[in-house]
Structure formats: structure tokens, C-alpha cells
Amino acid sequence: MPDSEPHVLLEKRGRVGIITLNRPERLNAWSRDMARLVREHITDCNNDEGIGAVVLTGAGRGFCSGADLQRPQAEGGQRPPPEPEQESLPEFLQRSKPLIAAINGAAVGVGFTLPLACDIRIASENARVSMRFVRIGLTPELGSTQILPQVAGLANAAEMMLTGASTTPRKRCVSAS
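It should be emphasised that the depicted structure is a prediction, and the values quoted were computed from it without experimental measurement.

(A) Representation of the environment of Arg 36. If you trace the backbone, Arg 36 turns up in helix α1 (residues 32-47). Measuring from C-alpha to C-alpha, the distance between Arg 36 and His 7 comes to 9.9 Å, with 29 residues separating the pair along the chain. A polar contact of 2.4 Å, which involves the side chain of Arg 36, links it to the side chain of Asp 33.

(B) Representation of the nonpolar core in the model. Counting residues in each nonpolar core, the largest one holds 38 residues, and the members touching the most others are Leu 21, Trp 30, Leu 93, Leu 114 and Leu 148. It is α1 that contributes the most residues to this core, 5 residues altogether.

(C) Structural context of the sheet that holds strand β1 (residues 8-13). Pairing in this open sheet of 5 strands is mixed, and the strands run β1-β2-β3-β5-β7 from one edge to the other. Looking along the sheet, the strands with just one partner apiece sit at the ends: β1 and β7 (120-123). Neighbouring strand axes in the sheet, compared pairwise and without regard to direction, differ in orientation by 20 degrees on average. Taken together, the 4 bridges between strand β5 (residues 99-103) and β7 define a ladder with parallel strand orientation. From the neighbouring strand, Ala 101 faces β7, where its bridge partner is Arg 121. Packing of α1 onto the sheet brings it into contact with β1, β2 (16-21), β3 (53-58) and β5, and relative to β1 it is tilted by some 15 degrees.

(D) Region of the structure containing the packing of aromatic side chains. Here the structure, examined in full by the defined rule, presents 0 aromatic pairs. A cation over a ring is seen here: Arg 39 above Phe 92, with NZ or CZ 5.2 Å from the ring centre.

(E) Local environment of the environment of Leu 99. Note that Leu 99 resides in strand β5. The class for Leu 99 is buried, based on a relative accessible area of 1%. In this structure the C-alpha to C-alpha distance between Leu 99 and Arg 121, which are 22 residues apart in sequence, comes to 8.7 Å. Those residues in contact with Leu 99 that lie beyond four places of it in its chain are Ile 42, Val 54, Leu 93, Cys 118, Asp 119 and Ile 120.

Calculation rules
- Residues numbered from 1 in each chain as written.
- Predicted model: local features only at pLDDT ≥ 70, side-chain atom pairs only at ≥ 80, totals over all residues.
- Heavy atoms only, no water.
- Helix = DSSP H or I, 4+ residues; strand = E, 2+ residues; numbered from the N terminus.
- Polar contact = N/O pair within 3.5 Å; in protein donor to acceptor, adjacent residues only side chain to side chain.
- Core = buried A, V, L, I, M, F, W, Y, C linked by side-chain atoms within 4.5 Å.
- Buried < 20%, exposed > 50% of the residue type's maximum accessible area, 1.4 Å probe, protein only.
- Pairing = 2+ DSSP bridges.
- Axes fitted to C-alpha atoms, helices over the stretch in contact; angles between N-to-C directions.
- Contact = heavy atoms within 4.5 Å.
- Phe/Tyr/Trp six-rings, centres within 6.5 Å; stacked < 30°, edge-to-face > 60°.
- Lys NZ or Arg CZ within 6 Å of the ring centre and 35° of its normal.

And the structure:
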């Protein structure tokens, strides 16, 4: 896919806004550009009186493989400075019109946290979710330590966060919040 393709697409079908993470060659690894575009598209849907609900999904065989660890570097080999703090993504998502996560493959890290902030999570037969933070020595992000126990129960959340094991969402975390 050419670099000129937007990393996030918005399609409006009747009363539904469909937001698609669009980096299938990287299993939709989360980037700054994606974060900005998701916010812009959800804001657009929230402001459109003709839209009643928003579906968030991923292009290709994955929903979102987590943060893009191969981020581009600025001149001189350094990463660009972080953007100024704004409302957290889960808070932003939770005050949106109804959001439905259509999980169509791997949902790891931020790709697991995004659906947690949605009102409904629907998973395909190919969906696999994981809180892999412990396996790479990181603390779970974006409020997932607070939201996951609310969605899946404390015991299931602790098991997922402390083992980093993958699971199919049919076993856990599929219900509406």
C-alpha cells in the first residue's frame, strides 16, 4: 500500500460511521497520525446529526497490533517530541456517540485498550486479544488497568495483565459495558 494512503479511513453508511485503521501491512500498528485521525473522524461523526453510532475496525487481517515501535525519526536520528497532553483517548471515546469495536484479528496493547473504551465489542472467529505489556517490561497504558477489570472482572483482568497470555474474546471481554 502506498505511503499516501491515509492511516485511518472514514466511511458513512446511512446512520453509521465506519472508522477503519488502515495500515494492514503493519497489522494497523498505532501511530501518532492514527491517534489524530481517529479523534478527528470520531469528532466528525459526533457532530453529524445523521450519524447514530460509530464502528471502529481494522483493515486486513488485524484490528491493531499495538503501538508502532518502529516510529519514524526526525532529522539527527531523534524521535519527534511528544505532543502536548490532551484528553486521554479512553475518556474521549467514552463520551462519543455509541462506539462498536469490530475486532477482526490481532488486538494487542493499545489495540486491546481501544475496544475496552467502546460500548460494544464484537469479535470475529479470527480475533485474538492480549495485554502483552508484561512480556516487554511495560506498564499497561491508556487506563486499561482501570477499564479491563470493569469489563472482564478483576480475576480475568489480573490473569491477562500479569501473564500476557493471548485469548479469544469469546471466552472473555465481549459484553457491552
